[in-house]
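Structural overview
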Amino acid sequence: MRHVSGAWRRTAAGAGLIGADGSPAPTIFAEMSALATATGALNLGQGFPDEDGPAEVLDAARAAIAGGRNQYPPGRGVPELLEAIAEHQRRFYGLELDPAREVLVTAGATEALAATLLALVDGPDDEVVVFEPHYDSYAACVALSGARLRTVPLRWPDFQPDLDELEAAVTDRTRIILVNDPHNPTGAVFSREALGRIVALADRHDAVIVTDEVYEHLVHRGPHVPIATLPGAAARTLTISSAGKTFRTTGWKIGWVSGPAELVDAVLAVKQFLTYVNGSPFQPAIAVGLRLPDAFFRGVSADMRRKSEILGEGLRAAGFDVSTPAGSYFTVADAAALGVSDAAEFCRALPERAGVVAIPLTAFATRERRDEYRTLVRFAACKRDEVLQDAATRLSALRS
């Protein structure tokens, strides 16, 4: 019987994929969601909405199912969605794409990211630069690709990258600079100066920029600026996004990657052996969503900003220090003012103490840097207003 290689075991253990005994390591999200179920606590841990998306999109999916669009779609995606993605990039950002060659539909943004890393990493000498704390799948996907993970810390309270640390992290070994903007888990939106430095460093060291922009329509103030729109960036940038966050359809898992044809082709070569294809009736429905009027997109941004303000006010009233998010679903709060020294233990006790579930920011950090985030907690604001107001009332018990 063949066994898991020692190299994979060491890499997976370092990324937190497996425990010391080789069994799959449970994620903090599974643990906290189980606590929410067991205690009846409000789950502000995982980033999924508790409201359905626009009726036009849901109706289009029902129509597609009723119309028989239930078998395998084309490998790159259904033509109307490919065209709608290209139209979206032109409409909002002025980016010109060939829908037949420069767009690929994936099983959510996570598959797009995994396929991209597997396609573009050449071996263990390659490095992938990410900004820390980071969405938990990043370290896992880098480990699966065999590359080395290099991180650039984002620090309380504004979570902007230090440009000198960024410059030190990017070298000739860097194959990919992975940018998540707007950022999960911190809610930061990267400054134009930071984006410009990323482009300059990628050009200097011949690296590919991969951007995760799933929260692109949830910037609280001002338009989203894709890094591909900066001078010199488009030719070396793969842009990843998805429908789940914008259209409140996280369970549909419809994502996409766009950029230069030769890079998209490389991703397709891997993706076709992962899920092959997915979500046949949901793809034309998301095409409908991407073509909704501007008022819809302004509305989802304003709605998310309002929810974040409700959550932030509740957290401050409960005694937390709060980092005001610039985008995304998330708000980071510092529990140190409440006498907390270990956010993970605090979060495990919070469902019983206050009836609310949250996630410690250490869950998004490498072991070497977890101490920098030891008192920070991430809360998700993508819930109904009344749920957020109820959470604020429950959290106020922490003051006593």
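The structure we're discussing is the one just above.
This section reports on the structure supplied with the text.

Criteria and cut-off values
Residues numbered from 1 in each chain as written. Predicted model: local features only at pLDDT ≥ 70, side-chain atom pairs only at ≥ 80, totals over all residues. Heavy atoms only, no water. 1 Å grid on protein atoms, 1.4 Å probe; cavity = no way out; pocket = protein on both sides within 12 Å on 5 of 7 lines; lining within 4 Å. Points joined across faces, edges and corners; volume = space filled by probe spheres on them. Helix = DSSP H or I, 4+ residues; strand = E, 2+ residues; numbered from the N terminus. Nonpolar A, V, L, I, M, F, W, Y, C, P; charged D, E, K, R; others polar. Pairing = 2+ DSSP bridges. Contact = heavy atoms within 4.5 Å. Axes fitted to C-alpha atoms, helices over the stretch in contact; angles between N-to-C directions.

1. Regarding empty space enclosed by the protein
Under the definition given, this model contains three cavities of 30 Å³ or more. Around the largest cavity, the lining is made up of 13 residues, and of these Arg248, Asp303, Met304, Tyr329 and Cys382 lie nearest the centre. Those elements that provide at least two residues to the lining of the largest cavity are α9 (244-247) and α12 (294-317). Top contributing element to the lining of the largest cavity by residue count: α12, with four residues. The residue makeup of the lining of the largest cavity, split by class, is six nonpolar, one polar and six charged. By volume, the second largest cavity is sized at about 40 Å³. Taken together, Gln89, Glu213, Glu216, Thr239, Ile240, Ser241, Trp256 and Ser258 make up the full set of residues lining the second largest cavity.

2. What to know about the sheet that holds strand β10 (residues 330-334)
An order of β9-β10-β13-β12 is seen for the four strands of this open sheet, with the pairing classed as antiparallel. Of all strands in the sheet, those with a lone pairing partner are β9 (321-323) and β12 (359-360), marking the two edges. Sheet topology places β12 next to strand β13 (residues 376-380); two bridges connect them, and they run antiparallel. Within β13, the position partnered with Ile359 by the bridge is Arg378. α12 rests against β9, β10 and β13 of the sheet, and its axis sits at about 15° to β10.

3. Re the sheet that holds strand β6 (residues 208-212)
With mixed pairing, the seven strands of this open sheet are ordered in space as β2-β8-β7-β6-β5-β3-β4. Each of the sheet's edge strands pairs with one partner strand only, and the pair in question is β2 (103-107) and β4 (148-153). In this sheet, adjacent strand axes meet at a mean angle of 25° when their direction is disregarded. Pairing of strand β5 (residues 174-180) with β6 involves five bridges; the strand directions are parallel. Paired with Asn180 across the two strands is Asp212, which belongs to β6. Each of β3 (127-132), β4, β5 and β6 is contacted by helix α6 (residues 137-145), which is oriented at about 155° to β4, the strand it contacts most. Along the sheet, helix α10 (residues 261-271) contacts β2, β6, β7 (237-242) and β8 (254-258); its crossing angle with β2, the most-contacted strand, is approximately 30°.

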